[in-house]
Amino acid sequence: MYVTLCEVRYNSGMRPTYLEVNLSQLKQNLDNIRAKVAPAKVLVVLKANAYGHGVDGVAPFITPFADYIGVAIVEEGIHLRKMGITKPILVMGGTLREQLPDFLDYDLTLAASSLDLLTAVDQLAQSTRKQLKVHLKIDTGMERIGVREYEAEPLIEKSLACSQFVRIEGIFTHFANSEVSPSYIEETASGEEEEILRTDIVPASLQLERFQEVLSIYEKRSVPHPPIRHMANSGATLSLPESYYDMVRPGVLFYGVYPARDIEKTIDVKPAMTWKSKVVYSKVIKPGRSVSYGSLWHAEAETRIATIPCGYADGYFRRMTNQGRVIINGRSYPQVGRVCMDQFMTNVGADDVQVGDEVTLLGNGITPEELADWAGTNEYEVMTNISARVPRVFVGGVQ
Ligand SMILES: *Cc1c(COP(=O)(O)O)cnc(C)c1O
C-alpha cells in the first residue's frame, strides 16, 4: 500500500524550500489520457527523475495504473527495479554493448537501435540462457538513434531469426516535430504578418508514412508484426490519433503540461507540482542601494526586499535574473538582482512581508510556461532542472 502524506509539515532536517507533488493530479492526467487513447495502452515515462517530480514517490504510486514504464537510460531502469517495481520497463535511449548484461539481470526491455546491438544481445541471451524483451527502434526522421526506414529490412530479418531467449515484443519510432505545424506566422520588416512554410522540417505525416512502410515489411512477408507498435509522444497523443497504434508514450502531458503553446488541448491535464519556499530574511533598503552580485538592480526609492532561500543550484535558473516573479501572501512580486547559487531576492515594495511567510515559485498561478519564458527555455527543462537538493513532498495519493 502506498503511504499518503496528506499534510505538509516542517520536520527537522527538511528544507523550507521544497517541491510539492500532487499524486492525485497525476492519476487524473493519466485517466484522461487513457480515456482518449483507449484501447491503446499507455507507457508512463518516468525518465529524468519523473520529469523532476521525484521518481521515488511517483513510481510506486503510478506504476499499478501503467501498462508500461519508459526510462531513458539503463541506470534509471535499475533504480526502479531496486525499488521493487515489477512492471515492464523500456529503456528508450541508446545503449552501449557493455550495458547489455544489466538488461538481462534486471529484466529491462532493450530498444534495439542497430543490427549490431540486436546481434550482440541475441548472442548474450543465448550464452547466459536468460530471457530478454526487445523493441526494435526505427528512426523515421529524428536522426538520433535507430535504424532508418530504408535500412530496416536486415534488422527485421535478424529479429525474426533471433534465438528463443529474445522476445521481439515491440517496434517503435519517435517524432521530431509532432507538435509543430509546417507553417508559422512571422512579422516582416514592414510589420506585416507573413505565413512562412517550413520546408526544412520533417512533418509528422511523413514520419507516420515511413513507419507504416517499415510495418508493411511484415505484411509482405506474411509474418505477424511485433505485438506492441508505438510512436506517439505527448504532441501526437493530443493531435494525431493515427499514430496511437498499440501504445502511446506521453511524457510531459502526463505531468500536466502541454508540449507546445499553440497545440489543441484535446485532453484535459493540469500540472502536479508546486514549488514552495519561505522568506528567510526581510528588510527595507535605502534608495540607490543595489541588490546582489554585479549590482544589476538598484532601488529607486526606499523599498522592502525579501530574501528567498533558493537559487540556481536548486534549479531556479540564473537566467531568470530580473525576470522572474513569485507569489507571497497571495500577491505577485518581481525577482530582483542576480539569482545567486542558494538564494535570491524579491522586491515587495511597501508590503509587510516578513520572515517565515510562504513563497510560491511555481504553481498557484505561476505556470511552467512562464518560468520557461523568464529563463529562455522550455517547460521540460524547467521541471527536470529542479535539483536533488529540493526535497519532494508527495500529497494526495490514493489510500
Ligand atoms: C521522452 C520521450 C517521450 C516523451 O516525450 P514527451 O514529449 O514528453 O511526450 C516519448 N518517447 C521517447 C522515445 C522519449 O525519449
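Let me sum up the structure you'll find in this document. (Residues numbered from 1 in each chain as written. Predicted model: local features only at pLDDT ≥ 70, side-chain atom pairs only at ≥ 80, totals over all residues. Heavy atoms only, no water.)

### Focus on the layout of surface pockets
Here is step 1: Reported here for the largest pocket is a volume of approximately 510 Å³.
Here is step 2: Surrounding the largest pocket, 21 residues form its lining, Lys 47, Tyr 51, Met 92, Arg 144 and His 174 being those nearest its centre.
Here is step 3: For the lining of the largest pocket, the secondary structure elements donating two or more residues are helix H2 (47-51) and helix H11 (379-384).
Here is step 4: With three residues, H2 is the largest single contributor of residues to the lining of the largest pocket.
Here is step 5: Of the residues in the lining of the largest pocket, the class split is ten nonpolar, six polar and five charged. (1 Å grid on protein atoms, 1.4 Å probe; cavity = no way out; pocket = protein on both sides within 12 Å on 5 of 7 lines; lining within 4 Å. Points joined across faces, edges and corners; volume = space filled by probe spheres on them. Helix = DSSP H or I, 4+ residues; strand = E, 2+ residues; numbered from the N terminus. Nonpolar A, V, L, I, M, F, W, Y, C, P; charged D, E, K, R; others polar.)

### Focus: the packing of aromatic side chains
Between two aromatic rings, the relevant description is the distance of the centres plus the angle of the planes.
Here is step 1: Evaluation of the coordinates by the stated rule reveals seven aromatic pairs.
Here is step 2: Note on Tyr 51 and Tyr 380: the rings are 6.2 Å apart at their centroids and 40 degrees apart in plane angle, and the pair reads as tilted. Placement of the pair is Tyr 51 in helix H2 and Tyr 380 in helix H11, with a sequence separation of 329 residues.
Here is step 3: Ring pairing ties together the aromatic residues Tyr 51, Phe 254, Tyr 255 and Tyr 380, which thus form one cluster.
Here is step 4: Over the ring of Phe 65 we find Lys 27, and its NZ or CZ is 4.5 Å from the ring centre. (Phe/Tyr/Trp six-rings, centres within 6.5 Å; stacked < 30°, edge-to-face > 60°. Lys NZ or Arg CZ within 6 Å of the ring centre and 35° of its normal.)

### As for the state of the cysteines
Two cysteines joined by a covalent bond between their sulfur atoms form a disulfide.
Here is step 1: Per the stated rule, a full pass over the model turns up zero disulfides.
Here is step 2: Of the cysteine sulfurs around Cys 310, a residue in no disulfide, the closest is that of Cys 340, at 11 Å.
Here is step 3: The class of Cys 340 is buried, set by a relative accessible area of 14%. (Disulfide = S-S within 2.5 Å. Buried < 20%, exposed > 50% of the residue type's maximum accessible area, 1.4 Å probe, protein only.)

### Quick notes on the pattern of salt bridges
Here is step 1: Applying the stated criterion across every chain, the model contains 19 salt bridges.
Here is step 2: Across the salt bridge formed by Asp 342 and Arg 389, the nearest N and O atoms sit 2.9 Å from each other. Of the two residues, Asp 342 is situated in the loop between strand S17 (331-336) and strand S18 (344-349) and Arg 389 in the loop between H11 and strand S20 (392-395); the sequence distance between them amounts to 47 residues.
Here is step 3: Members of the salt-bridge network, linked through shared partners, are Arg 15, Asp 314, Asp 342 and Arg 389. (Salt bridge = Lys/Arg side-chain N within 4 Å of Asp/Glu carboxyl O.)

### Re the site of the ligand
Here is step 1: Close to the ligand lie Lys 47, Tyr 51, Met 92, Arg 144, His 174, Asn 233, Ser 234, Arg 249, Pro 250, Gly 251, Val 252 and Tyr 380.
Here is step 2: Within the side chain of Lys 47, a nitrogen or oxygen atom sits 2.7 Å from an oxygen atom of the ligand.
Here is step 3: Contact distances for the ligand include 2.5 Å between an oxygen atom and a side-chain N or O atom of Ser 234.
Here is step 4: When the ligand sits alone it has 390 Å² of accessible area, and the protein chains cover 92% of it.
Here is step 5: With respect to the pocket detection grid, the ligand is positioned in the largest pocket. (Near = heavy atom within 4 Å. Polar contact = N/O pair within 3.5 Å; in protein donor to acceptor, adjacent residues only side chain to side chain. Areas by Shrake-Rupley, 256 points an atom, 1.4 Å probe, with all protein chains shown as cover. Sits in = over half its atoms within 2 Å of the grid points.)

### With respect to unusual backbone geometry
Here is step 1: Of note, the amide linkage connecting Ala 38 to Pro 39 takes the cis form, showing an omega dihedral of 10 degrees.
Here is step 2: With respect to the helices and strands, the residue Pro 39 is situated in the loop between helix H1 (23-37) and strand S2 (41-45).
Here is step 3: Positioned with a positive phi, Asn 49 is a non-glycine residue whose angle comes to about 55 degrees.
Here is step 4: Tracing the backbone shows Asn 49 in helix H2.
Here is step 5: At Ala 50, a residue that is not glycine, the phi angle is positive and equals roughly 55 degrees.
Here is step 6: Along the polypeptide, Ala 50 turns up in helix H2.

### Some points on the nonpolar core
Here is step 1: Within the largest apolar cluster, 117 residues are counted, with the highest numbers of intra-cluster contacts made by Leu 46, Val 134, Leu 136 and Trp 275.
Here is step 2: The element contributing the most residues to this core is helix H8 (residues 204-221), with seven residues.
Here is step 3: The residues that make up this core include at least three from each of domain 1 (23-248) and domain 2 (273-395).
Here is step 4: Residues within four places of Val 134 in sequence aside, it is in contact with Thr 109, Leu 110, Ala 112, Leu 118, Val 121, Val 166, Arg 167, Ile 168, Glu 169 and Gly 170.
Here is step 5: Listed in part, the eight residues of the second largest apolar core include Ile 285, Ala 299, Ile 305 and Val 336. (Core = buried A, V, L, I, M, F, W, Y, C linked by side-chain atoms within 4.5 Å. Domains from an automatic or database assignment. Contact = heavy atoms within 4.5 Å.)

### Let's talk about the sheet that holds strand S19 (residues 358-362)
Here is step 1: With mixed pairing, nine strands are arranged side by side in an open sheet as S14-S15-S18-S17-S16-S19-S13-S1-S20. One side of each edge strand has no neighbouring strand; the edge strands of this open sheet are strand S14 (281-285) and S20. Across the sheet, the axes of successive neighbouring strands diverge by a mean angle of 35 degrees, strand direction being ignored.
Here is step 2: Of the strand pairs in this sheet, strand S1 (residues 18-22) and strand S13 (residues 273-278) are connected by four bridges, and their pairing is antiparallel. Counted as the bridge partner of Val 21 is Met 273 from S13. (Pairing = 2+ DSSP bridges. Axes fitted to C-alpha atoms, helices over the stretch in contact; angles between N-to-C directions.)

Nothing here speaks to function; it is all geometry.
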